[in-house]
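The chain contents come next:
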Amino acid sequence: MSDTRELALEIVQRLQTAGHQALLAGGCVRDLLLGIEPDDYDVATSARPEQVQELFGRRRTLAIGAAFGVIAVLGADRRRQVEVATFRTDGGYSDGRRPDSVTFTDARNDALRRDFTINGLFQDPQTGTIHDFVDGRRDLEERVIRAIGDPHQRIDEDKLRMLRAVRFTARFGFELDGATRAAVSAHAAEIRLVSGERIGAEMRKMLEHRARAAAASLLEECGLLREVVEDAELLTANQANWRTRLKWMAGLGDRATFPVAATMLLGPVIKDHGVQPLMDRWKLATAEAAAIRWLEEHWFTLLRANSLPWSAIQPLLVHPEGRGALQIALAAAGPDQAGVRLCQQRLAWPAERLNPAVLINGESLKCLGLAPGPDFGRILEAVRRAQLDGEIGSEAEAIQVARSLAATG
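Definitions and limits used
Residues numbered from 1 in each chain as written. Predicted model: local features only at pLDDT ≥ 70, side-chain atom pairs only at ≥ 80, totals over all residues. Heavy atoms only, no water. Helix = DSSP H or I, 4+ residues; strand = E, 2+ residues; numbered from the N terminus. Rg over C-alpha atoms; globule rule 2.2 N^0.38 Å. Buried < 20%, exposed > 50% of the residue type's maximum accessible area, 1.4 Å probe, protein only. Patch = residues over 30% accessible without salt bridge, like charges linked within 9 Å, V, L, I, M, F, W, Y side chains within 5 Å. Areas by Shrake-Rupley, 256 points an atom, 1.4 Å probe, with all protein chains shown as cover. Salt bridge = Lys/Arg side-chain N within 4 Å of Asp/Glu carboxyl O. Lys, Arg positive; Asp, Glu negative; His and termini not counted. Charge placed at Lys NZ, Arg CZ, Asp CG, Glu CD. 1 Å grid on protein atoms, 1.4 Å probe; cavity = no way out; pocket = protein on both sides within 12 Å on 5 of 7 lines; lining within 4 Å. Points joined across faces, edges and corners; volume = space filled by probe spheres on them. Core = buried A, V, L, I, M, F, W, Y, C linked by side-chain atoms within 4.5 Å. Contact = heavy atoms within 4.5 Å. Nonpolar A, V, L, I, M, F, W, Y, C, P; charged D, E, K, R; others polar. Pairing = 2+ DSSP bridges. Axes fitted to C-alpha atoms, helices over the stretch in contact; angles between N-to-C directions.

Engineer: An account of the overall build of the protein chain is requested, with residue identities and associated values reported.
Structural biologist: The secondary structure content of the protein chain amounts to 23 helices and 11 strands. Whereas a compact globule of 409 residues would reach a radius of gyration of roughly 22 Å, the protein chain reaches 28 Å, over 25% beyond that. Overall size of the protein chain, expressed as C-alpha extent along the three principal axes, is 85 × 50 × 35 Å. For the protein chain, with 409 residues in total, the buried portion stands at 49%.

Engineer: So, a negative patch on the surface: which residues are in play, and what are the values?
Structural biologist: Taken together, the side chains of Glu37, Asp39, Asp40 and Glu83 present a region of like negative charge at the surface. Considering the arrangement of structural elements, one finds Asp39 in the loop between α2 (27–33) and β2 (42–45).

Engineer: Could you give an account of the layout of surface pockets, naming the residues involved and the relevant values?
Structural biologist: The calculated volume of the largest pocket comes to roughly 1700 Å³. The wall of the largest pocket is formed by 49 residues, among which Asp42, Glu83, Arg114, Asp115 and Arg164 lie closest to the centre. Those elements giving two or more residues to the lining of the largest pocket turn out to be α2, β2, β3 (61–65), β5 (81–86), β6 (88–90), α7 (161–172) and α9 (196–208).

Engineer: I'd like to hear about the pattern of salt bridges, residue by residue, with values.
Structural biologist: If you walk through the whole model with that rule in mind, you get 28 salt bridges. Between Asp139 and Arg146 there is a salt bridge, with its nearest N and O atoms 2.9 Å apart. Look at Asp139 and you get buried, because its relative accessible area is 0%. Arg146 is the salt-bridge partner of Asp177, the closest N and O atoms lying 3.0 Å from each other. Of the two residues, Asp177 sits in the loop between β11 (175–176) and α8 (178–187) while Arg146 sits in the loop between β10 (144–145) and α6 (151–157), which places them 31 residues apart along the sequence. When its relative accessible area of 14% is taken as the criterion, Asp177 is described as buried. Classification of Arg146 as partly exposed rests on a relative accessible area of 23%. Each member of the salt-bridge network shares a partner with another, and the members are Asp135, Arg138, Asp139, Arg146 and Asp177.

Engineer: With reference to specific residues and values, describe unusual backbone geometry.
Structural biologist: Despite not being glycine, Arg78 shows a phi value in the positive range, around 65 degrees. Along the polypeptide, Arg78 turns up in the loop between β4 (70–74) and β5.

Engineer: Outline the nonpolar core, supporting the account with residue identities and numerical values.
Structural biologist: With 101 residues, the main nonpolar core has Val43, Leu224 and Trp282 as its most contacted residues. Counting residues per element, this core draws most heavily on helix α14 (residues 258–273), which supplies 9 residues. Not counting residues within four places of it along the chain, the set of residues in contact with Val43 comprises Ala8, Ile11, Val12, Leu15, Ala22, Leu23, Leu24, Val82, Glu83, Val84 and Ala85. Counting residues in each nonpolar core, the second largest holds 11 residues, with Phe376, Ile379, Ala386 and Ala398 among its members.

Engineer: Can you break down empty space enclosed by the protein residue by residue, with the values?
Structural biologist: One pass over the structure, following the stated rule, counts 2 cavities of 30 Å³ or more. Here the largest cavity defines a volume of roughly 60 Å³. Looking at the largest cavity, the residues that line it are Val228, Val229, Glu230, Val269, Gly274, Pro277, Leu278 and Arg281. With 3 residues, helix α15 (residues 276–282) is the single largest residue contributor to the lining of the largest cavity. Tallied by class, the residues present in the lining of the largest cavity amount to 5 nonpolar, 1 polar and 2 charged. The calculated volume of the second largest cavity comes to roughly 40 Å³. Residue composition of the lining of the second largest cavity, grouped by class: 7 nonpolar, 1 polar and 2 charged.

Engineer: Any chance you could break down the sheet that holds β3 for me, citing the residues and the numbers?
Structural biologist: The strands making up a sheet associate through backbone hydrogen bonding, with each pair oriented either parallel or antiparallel. Taken in spatial order, the 7 strands line up as β3-β4-β5-β2-β1-β8-β9 in an open sheet, and their pairing is mixed. Here the strands that pair on one side only, and so sit at the sheet edges, are β3 and β9 (130–132). Sheet twist, expressed as the average angle between the axes of neighbouring strands with direction ignored, equals 35 degrees. Two elements, β2 and β5, share 4 bridges in a ladder whose sense is parallel. Residue pairing in the sheet places Ala44 in a bridge with Ala85 of β5. Where helix α1 (residues 3–17) meets the sheet, it contacts β1 (22–25), β2, β4 and β5, and its direction lies at approximately 35 degrees from that of β5. The sheet strands contacting helix α3 (residues 49–56) are β2, β3, β4 and β5, and the helix crosses β4 at an angle near 15 degrees.

Engineer: I'd like a rundown of the pairing of β5, residues and numbers included.
Structural biologist: Sheet topology places β4 next to β5; 5 bridges connect them, and they run antiparallel. Residue Ala72 lies in a different strand from β5, and its bridge partner there is Glu83. Where β4 folds back on β5, the antiparallel hairpin that results is connected by 6 residues, among which Arg78 adopts a positive phi of roughly 65 degrees.

Engineer: Which residues make up the side chain of Asp110, and what values go with them?
Structural biologist: Relative to the assigned elements, Asp110 resides in helix α4 (residues 107–112). Here Asp110 falls in the buried class, since its relative accessible area comes to 1%.

Engineer: I'd like a rundown of the pairing of β4, residues and numbers included.
Structural biologist: With 5 of 5 residues buried, β4 is to be regarded as a mostly interior element. Residues Val70, Ala72 and Leu74 point to one face of β4 and Ile71 and Val73 to the other, with burial holding for every one of them. Inspection of the sheet shows β3 paired to β4 by 3 bridges, in the antiparallel sense. The residue of β4 that forms the bridge with Thr61 is Val73. Between β3 and β4, which pair antiparallel one after the other, the connecting turn spans 4 residues, and Gly69 there sits at a positive phi close to 85 degrees.

The following block contains the structure:
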């Protein structure tokens, strides 16, 4: 049992002992029914926020969303936390994200305000009883993602639910209910009303998951891809190329990082527009954008590694994103994998052979009487190339090459 689950069970037990209804809620119940260990646990309760705080004490509670009935309860070590939310119904959503007001209610009405039926389930962990007011269990069994109630209303309340519908459909390998799918397609352009940070967070979750290709395909089918990616037509205009790109994405497997998967999906767009539009639309961190930019620039070189000098390949493989570039190259290699196999063999070398210490540095050049300047970099790079390609192997030889380069300018 995970530490977070243990904390959630403690919270439920204490709330129930105090006379309140308390249930596990939402995604954790869904995952437990699917046989998946939840990433986190949420508790829904009839207790009001102030009652939750009183029961667990101020030291163990954080009023992270008290206005919406949400209190975070910390573990005794204060490292773990579980969100405890009072059963509620929501008022209007004038900002397309949060309710303007909430009214505390019972479990049934709380379920009816949630997004999808599979996320509207409750479980009493003390008895194992499932409380299902929205036919979520049926949809789990039938492998369907379906909005609770009117899908247009659910999307009007929070536009991000369109991306969540795609992500859940792909992640679980389910079907997207027809009415829900039609509503997503009808409202697709409204995803632009959602903040870049929220869109970027959803896209990270999609692209980091092994079902990324299915998610990208569904984004395109529902009209969302062109709304979240600048000039997405560059990806999909040629359907044969689009299908190939989806195949490559599927080939990345379980452990692709977000920059790797984003590069695989968006290569033509990045090549044409650079990374800046993506940074603006998804609010990427500078490091993420730099990684994507580097990967797009260099991964294809690794496909040709067997026909290039080692000095052109080695700096790529020892780069922090080098293994990611090789992952992309492997997915895209097809039947001709000679370059990729060479890279894999070289990565198995001992560290001192893969990335030997440099023979000379800037101080070495100063000792030769050279003044620091633009030529330093040129000379050191040339010496390093000669070293990697086996043309020189000692400091003396490196200094000789440096002297020659300095003399010829």
